[in-house]
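# Coordinate analysis (summary)
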Amino acid sequence: MFPVRREEELVVRHLPDETLIYDLKRNKAHCLNSAAGLVWRHCDGQTSLSQLAKMLREELDIPAGEQVARLALDRLQKAKLLQPVAVAAEGPRYSRREMAKLGGAAVAASLVTTILARPAYAQASCVAQPTCIGQGCACNPGDHCCPGFQCTGVGNFKTCR
Amino acid sequence: MRKIDRLGWAAGLSGMAFGLRIGIRVNKPEVLDSLESCLPPTWEPTSAPIVERLYSVVAGGNAARPNVRFYHLLYGGSARLARTLVLEDVFAALESDLQLYVAEYARRRVFVHAGVVGWKGRAIILPGRTFSGKSTLVAALLRAGATYYSDEYAVFDAQGRVHPYARPLSLRTQGSVRPLRRRAEALGGRTGRRPLPVGLIALTGFRPHGRWRPRTLTPGRAVLELLTHTVSVRRQPDVAMTRLQRVAEQTRTVKGIRGEADEMAAALLERAEEK
C-alpha cells in the first residue's frame, strides 16, 4: 500500500513538532503530532507502510513504528487528509490499550486533533432577553427566539439571528 | 435596499474602525445621540459619503392613534437585524452586529473572542465564548492590579502583539437581564493604550468549587484552541493561522477548570510571571 496525501484546498503550517492543516472544503482545522505529521508528509504514493514504520522508528524513536504508522494512516484517512484512493491500512487494528503494551500509547493518543471552525455569527455576543432567546444567543430548533429572529445555523452552531 | 432607502432618513453618521468605513442613518435625529455607546473602540468620525456597511435605524414608538405602537427596526445593509418594541434592544443588536462585522472584516488585524489584560508589560489572553465568564474574570484581574485591554476581543497584529479593544466591561449580574456597563477605572483598573506581546494564554471554564490545575498545551494545540474563537477563521484561515502560530510559539498556553474569579485571578497573575 502506497498512500497519497491530499494537497488541494488545504492550508498547511509546519511547527517544530506539529503540523497544522486547515481544510478549506470542510472548514476543519487539524493538528498532527510529530508522528502523524511525519507519516502525512511522506504519503507521496511511493512510500510503503513498512518504510513509514521504519522512519517512525529511526527519526522519532517510536518502537511500535508499524502499529503507529497504521493507526496514523487510519486517523488521517478519517480526517480526509489522504487521497480517497488510499484504502485503509490492511492488517490488525490496535486499541489504545494494546498500543500502551507496545509502547506507542502516548504518541497514538493525540495523532490527529480536529476542530470544526465556527462561522463568524457563532462568535457574536449574546443579547440576553427576559422572555425569549435574544440575538446571537445559542439555541436549538424549536426554541423561542425573540420576535424577528429565527434559530438558524450549521451543525451545532445554531443561534437566534 | 431601495425600499429601505425610501423610508426617509433624518440624520446619520459615518466613521472608520479598524480600516472599515461604516455608516449609520436614523429616521429621528434624537436617536443619534444614543448610538455613541454602540460604536466600536477606535471609531473615528469621517465625512465619507461611501461606506462598506450601512446600518439603518427606524425608531418606531407611539402612533398618533391611541393603542397603536410601531416597531423599532434595525437593518444591516438590506437585511433586517432587529424588530422590537424596546429601543434599547435595537441599540444592543446594533452594537453586537457592528462588533462582529468589524471583527470579521478588519484589515490587518485578527480578532479572537477573548478577554485581555496587561500585566507587567505582557498580555494575558482569556479566550472564551459569550457567557463563559470572560468579563467576570477580567474584572477580577483588574481588581488585582492588571491593566484593562478588552473583555470581548483580543486583537492581534502581524507581529503577534495584542492591541486594546477597550469598550466598557459588560458585567452580567444575577437577576438582571441586561449587562451592567462599567469602565475599567470604576473597577480600580487602568486602560492600556499601547500594544503588548503575549505573556500567557489561559483557557478556562468555570465550575462551582472548581480547582485550577491547568495543563500546558503544545503550540499546535494552542493554535487550534485559538482558532475555535477566531471570528475570521472561515474567511481568512491562512492569515489567522500565520498570526496565531506566531503567538502560540512565543508564549505558554494553559487549559483547565477554574473556580471563583478572584482566586483564579491571583493564580493567573502568578503564572504569568513565571519564565
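To start, this report covers the structure provided alongside it. What you are looking at is a predicted structure, and each value in this text was computed from that prediction instead of being measured. (Residues numbered from 1 in each chain as written. Chains lettered and ligands numbered in written order. Predicted model: local features only at pLDDT ≥ 70, side-chain atom pairs only at ≥ 80, totals over all residues. Heavy atoms only, no water.)

## Observations concerning the overall build of chain B
- Within chain B one finds 6 helices and 19 strands.
- Its C-alpha radius of gyration of 20 Å places chain B within 12% of the 19 Å reference for a compact globule of 275 residues.
- Its C-alpha atoms put chain B at 65 × 40 × 30 Å along the principal axes.
- When contacts within chain B are restricted to residue pairs at least 6 apart in sequence, long-range pairs at least 24 apart make up 66% of them. (Helix = DSSP H or I, 4+ residues; strand = E, 2+ residues; numbered from the N terminus. Rg over C-alpha atoms; globule rule 2.2 N^0.38 Å. Contact = heavy atoms within 4.5 Å.)

## Some words on the overall build of chain A
- Each helix and strand counted, chain A has 5 helices and 6 strands in total.
- If you list the helices and strands of chain A from N to C, you get β-β-β-α-α-α-α-α-β-β-β.
- Taken over 161 residues, chain A has a buried fraction of 52%.
- Surface accessibility of chain A: about 7,800 Å² in total, with carbon and sulfur atoms responsible for 50%. (Buried < 20%, exposed > 50% of the residue type's maximum accessible area, 1.4 Å probe, protein only. Areas by Shrake-Rupley, 256 points an atom, 1.4 Å probe, with all protein chains shown as cover.)

## A word on a nonpolar patch on the surface
Residues and elements named next belong to chain B.
- On the surface, Tyr-71, Leu-85 and Val-86 cluster together into a nonpolar patch covering about 220 Å² of accessible area.
- Take Val-86: it is sitting in the loop between strand S8 (79-84) and helix H2 (87-105).
- On the basis of relative accessibility, which here comes to 34%, the residue Val-86 falls in the partly exposed class. (Patch = residues over 30% accessible without salt bridge, like charges linked within 9 Å, V, L, I, M, F, W, Y side chains within 5 Å. Salt bridge = Lys/Arg side-chain N within 4 Å of Asp/Glu carboxyl O.)

## With respect to the environment of Thr-114 of chain A
- On the secondary structure map, Thr-114 of chain A appears in strand S4 (residues 112-116).
- Look at Thr-114 of chain A and you get partly exposed, because its relative accessible area is 38%.
- Along the primary structure Thr-114 of chain A and Ala-79 of chain A are separated by 35 residues, whereas in three dimensions their C-alpha atoms are 7.8 Å apart.
- Every residue in contact with Thr-114 of chain A, bar those within four places of it in the chain, is listed here: Lys-28, Ala-29 and His-30 of chain A together with Leu-224 of chain B.
- Side chain to side chain, Thr-114 of chain A and His-30 of chain A meet in a polar contact 2.8 Å long. (Polar contact = N/O pair within 3.5 Å; in protein donor to acceptor, adjacent residues only side chain to side chain.)

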